[in-house]
Amino acid sequence: MFSVQIPQARPASDKVHEEGLLAVVNFLTNHDVNRLVSMREAVDAVEHALARKGEGAFITPPRHYFATTKGVLAFTHGGDAEEGVVGFRVYSMFAGSRDGDQLVVVYDAATGELRGILQGERIGAMRTGALGGVAIRHAAREDARTLAMIGSGRQARTQLEAAAVVRELSDVRVYSRS
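Note that the structure is a prediction, hence the values are computed from the model and not measured. (Residues numbered from 1 in each chain as written. Predicted model: local features only at pLDDT ≥ 70, side-chain atom pairs only at ≥ 80, totals over all residues. Heavy atoms only, no water.)

Undergrad: Can you walk me through the confidence of the model for the chain in this structure?
TA: Detailed reading of the predicted model is not advised wherever pLDDT is low. In this model, the chain carries a mean pLDDT of 87, and residues with pLDDT of at least 70 account for 85%. pLDDT under 50 marks residues 1–22. Its contacts with residues more than four places away, or in other chains, come to 38 contacts. (pLDDT = per-residue confidence, 0-100. Contact = heavy atoms within 4.5 Å.)

Shown next as structure tokens:
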């Protein structure tokens, strides 16, 4: 997870709580995330999170699953209390589930205040691509200009996007069954 200034986020709710407080929560769609977060920012944020994880500060427990007779809800959670953010992601694995059927919920680690809710498809794809970008940044030769990919699905797009952020590519070779 990472911090982004969001000047044009839309309130998901303006309902008044029983206590009389106005509840305003930022809700970002996949389109909002795509518009507000660059892949370079995602790669840098994932690299920072991995470094924090190496220091023992960024906590990512194993996934939890809630199974029904028709499918599964999967939950991932974690955060970095020292940097002030904790949260979770939930996605469905049911027949006919759509990519947009994911939510990311972010809380302030010090106060427990709900900071935002995001549709999870784009930010999740960016995170996965950014992991590949970090690996290329640290493991590939500095002069590497050719990228070979196996597969051409959704994740391939963000893998390519992240690779192009960390290396100046001149040739991309893709193997795909389809």
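Undergrad: Would you take a moment to explain a nonpolar patch on the surface for this structure?
TA: Among the surface-exposed residues, Leu160, Val172 and Val174 lie close enough to one another that they form a single nonpolar patch of about 200 Å² accessible area. Examined against the element boundaries, Val172 turns out to sit in strand β9 (residues 171–175). (Patch = residues over 30% accessible without salt bridge, like charges linked within 9 Å, V, L, I, M, F, W, Y side chains within 5 Å. Areas by Shrake-Rupley, 256 points an atom, 1.4 Å probe, with all protein chains shown as cover. Salt bridge = Lys/Arg side-chain N within 4 Å of Asp/Glu carboxyl O. Helix = DSSP H or I, 4+ residues; strand = E, 2+ residues; numbered from the N terminus.)

Undergrad: For this particular structure, what's the right way to read helix α3 (residues 120–139)?
TA: Since there are 3.6 residues in each turn of an α-helix, residues three or four apart along the chain are aligned in direction. In this model α3 runs 28 Å from its N-terminal to its C-terminal C-alpha over 20 residues, within 8% of the 28 Å that 1.5 Å per residue would give. Every buried residue of α3 is accounted for by Gly120, Arg122, Ile123, Gly124, Ala125, Met126, Gly129, Ala130, Gly132, Gly133, Val134 and Ile136. For α3, the elements touching its buried residues are α1 (30–36), α2 (39–54), β6 (102–108), β7 (114–119), β8 (146–150) and α4 (154–166). (Expected span 1.5 Å × (residues − 1). Buried < 20%, exposed > 50% of the residue type's maximum accessible area, 1.4 Å probe, protein only.)

Undergrad: How should I be thinking about the environment of Val72 in this particular structure?
TA: Locating Val72 in the fold gives a position in strand β4 (residues 71–80). Put simply, Val72 and Tyr91 are 19 residues apart on the chain and 8.5 Å apart in space, counted from C-alpha to C-alpha. Val72 has contacts with Tyr65, Phe66, Ala67, Tyr91, Ser92, Met93 and Phe94, leaving out every residue within four places of it along the chain.

Undergrad: Just checking my understanding: could you explain the pairing of β7 for this structure?
TA: Where a strand is regular, its side chains alternate between the two sheet faces. Relative to β7, strand β2 (residues 26–28) runs parallel, the two being bridged by three bridges. Bridge pairing links Asn26 to Gly116 in β7. Two strands pair when backbone bridges link them, and β6 and β7 are joined in this way by five bridges, in the antiparallel orientation. Opposite Val104, over in β7, you have Leu118 as the bridge partner. (Pairing = 2+ DSSP bridges.)

Undergrad: Can you help me understand the nonpolar core in this one?
TA: As a rule of thumb, nonpolar side chains are buried together in soluble globular proteins. Ranked by size, the top nonpolar core spans 23 residues in total, and within it Val33, Met39, Val43, Leu118, Met126 and Ala130 carry the most contacts. Those elements that place two or more of their residues in this core are α2, β6, α3, β8 and α4. Residue contacts for Met126: discarding those within four places in its chain leaves Val33, Val37, Ser38, Met39, Ala42 and Thr158. (Core = buried A, V, L, I, M, F, W, Y, C linked by side-chain atoms within 4.5 Å.)

Undergrad: How should the pairing of β6 be read in this particular structure?
TA: Along β6, five of the seven residues are buried, which leaves the element largely enclosed by surrounding structure. In terms of strand pairing, strand β5 (residues 85–94) meets β6 through seven bridges, oriented antiparallel. Bridging across to β6, Val86 finds its partner in Tyr107. Counted along the chain from β6 to the antiparallel partner β7, the turn is five residues long, and its residue Gly112 has a positive phi close to 80°.

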